[in-house]
Amino acid sequence: MEEYTREPCPWRIVDDCGGAFTMGAIGGAVFQSVKGFRNAPSGISKRLLGSLMAVKQRSPIVAGNFAVWGGIFSTIDCTLVHLRKKEDPWNSIISGAATGGILAARNGIPAMAGSAIIGGVLLALIEGVGIFFTRMSADQFKPQPFIQDPNALEQDSHSQTL
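The present account deals with the structure reproduced in this document. On a predicted model such as this, the values are computed, not experimentally measured, just so you know.

A look at the overall build of the protein chain
- Helix and strand counts for the protein chain come out as 5 helices and 0 strands.
- The helix and strand sequence of the protein chain, counted from the amino end, reads α-α-α-α-α.
- Taking all contacts inside the protein chain whose residues are at least 6 apart in sequence as the whole, residues at least 24 apart take part in 51%.
- Working note: accessible area of the protein chain is about 12,000 Å², and carbon and sulfur atoms make up 67% of it.

As for helix H4 (residues 109–140)
- With 32 residues, H4 should cover 46 Å at 1.5 Å per step; its first-to-last C-alpha distance of 47 Å lies within 8% of that length.
- Within H4, burial applies to Gly-119, Gly-120 and Leu-123.
- Packed against the buried residues of H4 are helix H2 (44–84) and helix H3 (89–103).

Considering the packing of aromatic side chains
- Scanning the model with the defined rule gives 2 aromatic pairs in all.
- Over the ring of Phe-37 we find Arg-47, and its NZ or CZ is 5.6 Å from the ring centre.

Criteria and cut-off values
Residues numbered from 1 in each chain as written. Predicted model: local features only at pLDDT ≥ 70, side-chain atom pairs only at ≥ 80, totals over all residues. Heavy atoms only, no water. Helix = DSSP H or I, 4+ residues; strand = E, 2+ residues; numbered from the N terminus. Contact = heavy atoms within 4.5 Å. Areas by Shrake-Rupley, 256 points an atom, 1.4 Å probe, with all protein chains shown as cover. Expected span 1.5 Å × (residues − 1). Buried < 20%, exposed > 50% of the residue type's maximum accessible area, 1.4 Å probe, protein only. Phe/Tyr/Trp six-rings, centres within 6.5 Å; stacked < 30°, edge-to-face > 60°. Lys NZ or Arg CZ within 6 Å of the ring centre and 35° of its normal.

Below you can see the structure in the form of structure tokens.
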């Protein structure tokens, strides 16, 4: 099984920013197509056109917002890796909290604090689930002790006495 290794830090920021943009573009297209379809006037052709227009207008904005979040998060994560000299879940949790706070900075201190708490808690949950699944899958590959069949021992002792 091949282990996935991440890019070194300067390139990781670009990689994460592009990945977040792609995820935002796909998710935004799906969400905006449904929203545009529902809000369009009745008639299937008008609804499909409304869906297409909503995707064209709003999906790039959603993708850009995701890219900004991914870029800030990765920048802070790489900075923490450099300063702390280790990669662990705390870097991601702190990065999520700081990213939430930075993105809410224009709304004031209370909004920054709330967004930072939410960002930290979300990343803590994500990291916790990742650690949980890693440990569950590691148990699957743990070497099992060899237990010899007791009946085989009895047969061996009988064959040696004869």
